[in-house]
Amino acid sequence: MAPISAADIPTLSLLYKLKKLNASRLAPVQGATPTHNDRIGLIRGDITSLQVGAIVNAANNSLLGGGGVDGAIHRAAGPSLLAECRTLNGCQTGSSKITSAYSLPCKKVIHTVGPIYDDIRPDNSERALKGCYTSSLNLAVKNGLKTIAFSGISTGIYGYPSLDAAMVACETVKNFLDRDKTIDKVVFVTFEEKDVRAYNQVLPRFFPPNTKTSTEQEKAAEEQKAEAEAKVGQLPDVPTTDPADADYAQKKQKHENNK
Ligand code: APR
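The structure presented is a predicted model; accordingly, all values stated were derived computationally and were not measured. (Residues numbered from 1 in each chain as written. Predicted model: local features only at pLDDT ≥ 70, side-chain atom pairs only at ≥ 80, totals over all residues. Heavy atoms only, no water.)

### Regarding the site of the ligand
Alright, step 1. Taken together, 22 residues sit near the ligand, with Gly67, Asp70, Thr155, Gly156 and Glu192 positioned nearest.
Alright, step 2. Between the ligand and Ser154 there is a distance of 2.8 Å, counted from an oxygen atom to a backbone nitrogen or oxygen.
Alright, step 3. Between the ligand and the protein, one listed contact pairs an oxygen atom with a backbone N or O atom of Ile157 at 2.8 Å.
Alright, step 4. When residues of the shell around the ligand are traced back to their parent elements, those giving at least two are β4 (54-59) and α2 (68-77).
Alright, step 5. Ranked by residues supplied to the shell around the ligand, first place goes to α2 with four residues. (Near = heavy atom within 4 Å. Polar contact = N/O pair within 3.5 Å; in protein donor to acceptor, adjacent residues only side chain to side chain. Helix = DSSP H or I, 4+ residues; strand = E, 2+ residues; numbered from the N terminus.)

### Details of the sheet that holds strand β7 (residues 147-150)
Alright, step 1. The six strands are arranged β2-β8-β7-β4-β6-β5 in an open sheet whose pairing can be described as mixed. Of all strands in the sheet, those with a lone pairing partner are β2 (40-44) and β5 (96-100), marking the two edges. Strand-to-strand, the axes of this sheet are offset by a mean angle of 25°, without reference to chain direction.
Alright, step 2. As defined by bridge partners, β7 adjoins strand β8 (residues 185-190) across four bridges and the pair is classed as parallel. Bridge pairing links Ala149 to Val187 in β8.
Alright, step 3. Packing against the sheet, α2 makes contact with β4 and β6 (108-113), and its axis sits at approximately 130° to β4.
Alright, step 4. Against the sheet, helix α6 (residues 193-206) engages β2 and β8, with an angle of about 155° to β2. (Pairing = 2+ DSSP bridges. Axes fitted to C-alpha atoms, helices over the stretch in contact; angles between N-to-C directions. Contact = heavy atoms within 4.5 Å.)

In structure tokens form, the structure reads like this:
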């Protein structure tokens, strides 16, 4: 399968525009915002085909491969991935480690270890799953990566309910994007139908469509332009004499004294 570039992964803005994603009938969560709709992507398919900065693997504590997406990533990357993983000495649940991507089209693989869902103590599972997303995003920033694609961590063999996992993923990614400006795109990769349904239901509750009409957007752009022009007016005058000019230093001092 030909690699899919990060630019070709549809954003929420585009999906809303194409009516492939719809506003939620349920109330948006507290703090819901369309601000990040151009920085969040959603795609269903094989994560190993994505030509992004990093894909996030749902690994296990040994980091020595397994089934599910872990197996798919190792198969696509080739044996060198396992050889590098062997040097990492495993990974704790809720944490992540990064490796090269070898034969994969992405630049790096971030291996995160999700929780085995514990329905007796779901809070512990939620905390660990949040840790997977946060530690993966932090690793992407630390390694200068601009796009990161998450598989549905723990929603397969580890049994995390898809809807609950999508809520944790969206909340954690929103909190991250609220403060980070270095990542260009965070992609949610769905595979099974249950996860497609979960993200179609949950994403609009955290990242609703932008309901500002175009005139409002134009007005906002005009206001920003006016603000920018006002700022330009406050800049110091462009020097009119050559700094090498004898009395430039005197004029500069006088300007400083008048500040
Ligand atoms: N591309 C994208 N997503 C995939 C792919 C793929 N090629 N294959 C599976 N998935 C999805 C599954 O549908 C699920 O939503 O990845 C998600 C994670 O499922 P698992 O791979 O079963 O991972 P997880 O539930 O976290 O369990 C981890 O499974 O594979 C072993 O070694 C792994 O022991 C670890 C455990």
